[in-house]
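Now for the letters of each chain:
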Amino acid sequence: MDREFNIIGGDSLYEQTVAALGSCLTALESVGLGWAHVVRRTIYKLRPEGYFSDILPALQEVVPGQQPPQTLIGIPALAVPGTLIETARGLHTGRHDPRMIAAATVAPPPRMLNSLLVPLAASR
């Protein structure tokens, strides 16, 4: 979603995936982290099709290098009507006591994602 809570990408699974990944990266970077800190990924999606044609190309475009382990789950509805994909990430902060911190995204405005990562920034 954009800053006015409009869905980015209409009903294109590819465009919504790119937007969700972009919002996640913005949130990660705002607390000094990046894709290398993502140790697992869960993708929730509505359509039974589209992983190889839409999601995988978007992941390869936006997330460089080695992809983390992931789970893909098909569900009947998502949190925001009109969205086709949601993602959740497990992060490793690099601290001595490795903790997994989940950051869920529906591709909301970065300020909303930042609120999910505030505890992460404090723990660094």
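In what follows, the structure referred to is the one given above.
Residue positions are given per chain, counting from 1 as you read along its sequence in written order. For a predicted model such as this one, the threshold for reporting local features is a pLDDT of at least 70, and the threshold for listing and counting side-chain atom pairs is 80 or more; totals across whole chains, interfaces and linings nevertheless cover every residue. Working from all heavy atoms in the structure, the side-chain values ignore hydrogens and water.

1. Some details on the nonpolar core
Judged by nonpolar contacts, the single largest core of 18 residues is most densely connected at Leu 21, Leu 28, Trp 35, Ile 55 and Leu 59. Helix and strand definitions here come from DSSP, where helices need a minimum of 4 consecutive H or I residues and strands a minimum of 2 consecutive E residues; each element is numbered from the N-terminal end. When residues of this core are traced back to their parent elements, those giving at least two are α1 (13-30), β1 (38-45), α2 (51-62) and β3 (85-92). Broken down by element, this core gets its largest block of residues, five residues, from α2. Those residues in contact with Trp 35 that sit more than four places away from it in its chain are Leu 21, Cys 24, Leu 25, Leu 28, Val 62, Val 63, Pro 64 and Arg 89. Among buried residues, the Ala, Val, Leu, Ile, Met, Phe, Trp, Tyr and Cys ones that are joined through side-chain atoms within 4.5 Å form a nonpolar core. Relative accessible area decides the class of each residue, using a 1.4 Å probe on protein chains only: under 20% of the type maximum gives buried, over 50% gives exposed, and in between gives partly exposed. Working rule for contacts: check all heavy atoms of both residues, and any pair within 4.5 Å makes them a contact.

2. Comments concerning unusual backbone geometry
Non-glycine residue Phe 5 carries a positive phi angle of around 65°. Here Phe 5 lies in the segment before α1.

3. A look at the packing of α1 against α2
Closest axis-to-axis distance for the α1/α2 pair is 8 Å, and the angle between their directions is 35°. The hand of the α1/α2 crossing is right-handed. Residue-level inspection shows Leu 13, Tyr 14, Thr 17, Val 18, Leu 21 and Gly 22 of α1 in contact with α2, the latter providing Asp 54, Ile 55, Pro 57, Ala 58, Leu 59, Glu 61 and Val 62. Put simply, Ala, Val, Leu, Ile, Met, Phe, Trp, Tyr, Cys and Pro go in the nonpolar bin, Asp, Glu, Lys and Arg in the charged bin, and everything else, Gly too, in the polar bin. The class makeup of the residues in the contact of α1 with α2 is nine nonpolar, two polar and two charged. Lines fitted to the C-alpha atoms define the axes, with helices restricted to the stretch that makes contact. Angles between their N-to-C directions range from 0 to 180 degrees. Note: crossing handedness is left-handed where the near helix turns anticlockwise from the far helix by less than a right angle, and right-handed where it turns clockwise.

4. Describing the packing of aromatic side chains
Note on ring pairs: Phe, Tyr and Trp rings are taken, using the six-membered ring of Trp, and paired if centres are within 6.5 Å. Classes follow the plane angle, with under 30 degrees stacked, over 60 edge-to-face and the rest tilted. Taken as a whole and judged by the stated rule, the model has one aromatic pair. Ring geometry for Tyr 51 against Phe 52: centres 5.1 Å apart, planes inclined by 85°, an arrangement best described as edge-to-face.

5. A short note on the environment of His 37
Along the chain, His 37 turns up in the loop between α1 and β1. For the pair His 37 and Arg 89, spaced 52 residues apart in sequence, the C-alpha separation works out to 9.6 Å. Leaving out residues up to four positions away in the same chain, His 37 has contacts with Gly 32, Gly 90, Leu 91, His 92 and Thr 93.

6. A word on the pairing of β3
With seven of eight residues buried, β3 is to be regarded as a mostly interior element. When DSSP finds two or more bridges between two strands, those strands count as paired. Two elements, β1 and β3, share seven bridges in a ladder whose sense is antiparallel. Bridging across to β3, Tyr 44 finds its partner in Glu 86.

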